[in-house]
Amino acid sequence: MKKNDKPSEDPVKSYRRHRRLVRIGQVLMSAGALVAIGHWIAHLEPFGRAPSIAEDIFIGYPTGAALLMIGAILAGRSEPKKTR
């Protein structure tokens, strides 16, 4: 065995880990979309108060975008390679 080779891991365990990470990514993407939509609705002022500048800069769209990007990275993982 070469120095950099990892011992092969159980293919079923690897696939389950992959699917779990993809599902977590999908949940994060959904949460990011909900944050962005909620922030957009807040800008429509249905309750009589628009978000402040600090909320715009730190909470609203940047948080939604960050959750969407992190979720997309996790959800876009390729399937684990099959081992012999």
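Only a predicted model underlies this, so the values are computations on that prediction, with no experimental measurement involved.

Right, let's get into unusual backbone geometry. In terms of backbone geometry, most residues other than glycine have negative phi values and most peptide bonds are trans. Phi is positive for Glu45, close to 55 degrees, though the residue is something other than glycine. Along the chain, Glu45 turns up in the loop between helix H1 (11–43) and helix H2 (53–59). Taking relative accessible area as the criterion, Glu45 reaches 42% and is therefore assigned partly exposed.

All right, on to a nonpolar patch on the surface then. A grouping of Ile37, Trp40, Ile41, Leu44 and Tyr61 is seen on the molecular surface, where their side chains present a nonpolar patch of about 510 Å² in accessible area. Mapped onto the elements, Ile41 comes out in helix H1.

Bringing the packing of H1 against helix H3 (residues 61–75) into the picture now. H3 packs onto H1 with a crossing angle of 160 degrees between their chain directions and a minimal axis gap of 7 Å. Between H1 and H3, the interaxial angle falls into the category roughly antiparallel. Where H1 crosses over H3, the handedness of that crossing is left-handed. Its residues assigned to classes, the contact of H1 with H3 comprises 17 nonpolar, eight polar and no charged.

What counts as what
Note on numbering: residues in each chain are counted from 1, in written sequence order. Residue-level local features of this predicted model are given only where pLDDT is at least 70; pairs of side-chain atoms are given and counted only at 80 or more, and the full residue set underlies all totals for whole chains, interfaces and linings. Hydrogens and water molecules were not included; the side-chain quantities draw on all heavy atoms of the structure. A run of H or I in DSSP becomes a helix once it reaches four residues, and a run of E becomes a strand once it reaches two; helices and strands are each numbered from the N terminus. Exposure classes here rest on a 1.4 Å probe applied to the protein chains alone. A residue is buried below 20% of its type maximum, exposed above 50%, and partly exposed in between. The patches described consist of residues with a relative accessible area above 30% and no salt bridge, like charges being joined within 9 Å and nonpolar side chains (Val, Leu, Ile, Met, Phe, Trp, Tyr) within 5 Å. Accessible areas in this description were obtained via Shrake-Rupley with a 1.4 Å probe; residue shielding takes into account the shown protein chains only. Salt bridge criterion: a side-chain nitrogen from Lys or Arg within 4 Å of a carboxyl oxygen from Asp or Glu. Angles shown run from 0 to 180 degrees and are taken between the N-to-C directions of axes, each axis being a line fitted to C-alpha atoms and, for helices, limited to the stretch in contact. Here the angle decides the label: under 35 degrees means roughly parallel, over 145 means roughly antiparallel, 65 to 115 means roughly perpendicular, and every other value means oblique. Crossings are sorted by hand: turned counterclockwise from the far helix by less than a right angle, the near helix makes the crossing left-handed, and turned clockwise it makes it right-handed. Residue type decides the class: Asp, Glu, Lys and Arg count as charged, Ala, Val, Leu, Ile, Met, Phe, Trp, Tyr, Cys and Pro as nonpolar, and the leftover types, Gly among them, as polar.

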